[in-house]
Every structure is written in C-alpha cells, then in structure tokens.
Amino acid sequence: MEDMYTRTEMLVGDKVNALKNARVLVCGVGGVGGYVVEALARAGVGTIAVLDNDVFSVSNLNRQILSTRETIGRRKTQVAVERIKSINPECKTIEYDLFFNADTQDLVPLADFDYIVDAIDTVSAKLELITRAKSLGVDIISCMGTGNKLGTNFEVADVYKTSVCPLAKVMRRELKKRGVKRLKVVYSKEEPIIPENTPCEKGRHIPGSISFAPAIAGMVLASEVIKDIINR
C-alpha cells in the first residue's frame, strides 16, 4: 500500500529511515526558509524545528510560500508548523518564536539537532548562529543573498570560495575573524540589481525580490541537507 514515503523510498531505499530519524532546525522561515521547510516536510524528515520572530505582511506575498492572504499578521513559526502538520502529521515540530542572538541562544539547544539551516537575513544573527553551531560540531548550511536578483543559478560552495555576492563577502570577512575555517553555503554569482529609490528599514536598504529566486535557493539548501543525511 502506498504512503507518503513510497516515491521517496523508491529513490533512496531504506535510507528513508535516516530522514524519519533526522532532527533539523530551520532558522528563518520566510522567502528562503519557507521552501526549505516545505521540502523537508515532504521528504519525511522526522523532526523539524522552526525559528523566526516575525509575522507575515502583505509584502511577503510575492515570494514566501507560507504567506497567503489568510496568514497576514500571523506568526511565521506557527504557520510553518501548521503547514508541516498538514503535509506530514507524524512529523514532530518545535517552535522558537525569537530572534537568535547572544541573549537568546541558550533558549535554542542547537546540539540537539543533526542539521541546522541558516536562512536568516540579518548578518549579526547569522554570525551568532554559525559560530555557535560550529563550536558544538553541528552541521550547518547557510544561505547567502537572494535579494535584488532575477537569476536562477544558485551554487553550493564553501564560503571562502564564493565570489560576487555582497553578503558572502561580508560573511567571509567576519567568519575569518571568528576563526570559522569552512562553511557550506548556497549563493549566486549574479551581480545584484540596484533598485532606484531603495527604501530603508531599521537603518538598512530593503532589497527587491521576485517569486522564484528565494524559492530556488531554498530548494537547493533542502537538497543538500537531505543528501547529507541519507549519505551519512
């Protein structure tokens, strides 16, 4: 009899059990992270934790899979968990409705997870998360910039082998200062488009976005997590 794992099992065999036993934390469940959650849930990952401190707004509708007219104003973590359960009721879910930083990191037991996905869009939070995960020896993959881009060619590389991406440049510099010697990332070599009259929010420019670029980056991130889990 078919179940939700049938087609996946045809592809990966009994390694589907590795996915069922895996514990993955997705930090940031917006444009990129929402698609990561979607792919992990459909692949049968047994425990998915989601971390975010934001609510959905109307401007999210153009690119975030969890954003609909019905979810505007709702907590992103709550909506993400509902989505996971609607796909796989057997999946264990955990919500961390917070902003990850030095003050909150002790509220998130990173060592309990097999894999961490960094889909956060704030540099300080990314650095805090990555350095903490690395110190604990937990596998982590990080997404670089997807804003201001219309391309679809997102690559997987070590952060120190990246080029062009402005966020990756900042991360290389800051991670080197912190003694992080390697980090798997997803990034694009596409030169970012500089929108005219770019609005600012909380002291930083808001990037333009499109429906498909964050989605593709999110799916590439999820594919790396899933392949790493089944190939261990």
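Residues numbered from 1 in each chain as written. Predicted model: local features only at pLDDT ≥ 70, side-chain atom pairs only at ≥ 80, totals over all residues. Heavy atoms only, no water.

One way to put it is that helix α5 (residues 123-136) packs onto helix α6 (residues 166-177) with a least axis distance of 11 Å and a crossing angle of 45°. By the angle between their axes, α5 is oblique relative to α6. By crossing handedness, the relation of α5 to α6 is classed as right-handed. Of the residues in α6, those touching α5 at Val123, Lys126, Leu127 and Ile130 are Leu167, Val170, Met171, Glu174 and Leu175. A breakdown of the residues in the contact of α5 with α6 according to their chemical character gives seven nonpolar, no polar and two charged. (Axes fitted to C-alpha atoms, helices over the stretch in contact; angles between N-to-C directions. Helix = DSSP H or I, 4+ residues; strand = E, 2+ residues; numbered from the N terminus. Parallel < 35°, antiparallel > 145°, perpendicular 65-115°, else oblique. Left-handed = near helix turned anticlockwise from the far one by under 90°. Contact = heavy atoms within 4.5 Å. Nonpolar A, V, L, I, M, F, W, Y, C, P; charged D, E, K, R; others polar.)

We now examine the sheet that holds strand β4 (residues 115-118). Spatial ordering of the open sheet is given by β3-β2-β1-β4-β5-β7-β6, a layout of seven strands whose pairing is mixed. Each of the sheet's edge strands pairs with one partner strand only, and the pair in question is β3 (92-96) and β6 (154-158). Going across the sheet, the axis of each strand differs from the next one's by a mean of 20°, ignoring polarity. In terms of strand pairing, strand β2 (residues 47-51) meets β3 through five bridges, oriented parallel. The residue of β3 that forms the bridge with valine 50 is glutamate 95. Strands in contact with helix α3 (residues 33-43) are β1 (23-27), β2 and β4; relative to β1, the strand with the most contacts, it is inclined by about 160°. (Pairing = 2+ DSSP bridges.)

Turning to the packing of aromatic side chains, a few remarks are in order. What the rule picks out here adds up to zero aromatic pairs. Geometry around tyrosine 5 places lysine 20 over its ring, the cationic atom sitting 4.1 Å from the centre. Seen from the ring of phenylalanine 113, arginine 23 lies directly overhead, with NZ or CZ sitting 5.3 Å from the centre. (Phe/Tyr/Trp six-rings, centres within 6.5 Å; stacked < 30°, edge-to-face > 60°. Lys NZ or Arg CZ within 6 Å of the ring centre and 35° of its normal.)

All quantities given are derived from atomic positions and should not be read as evidence of function.
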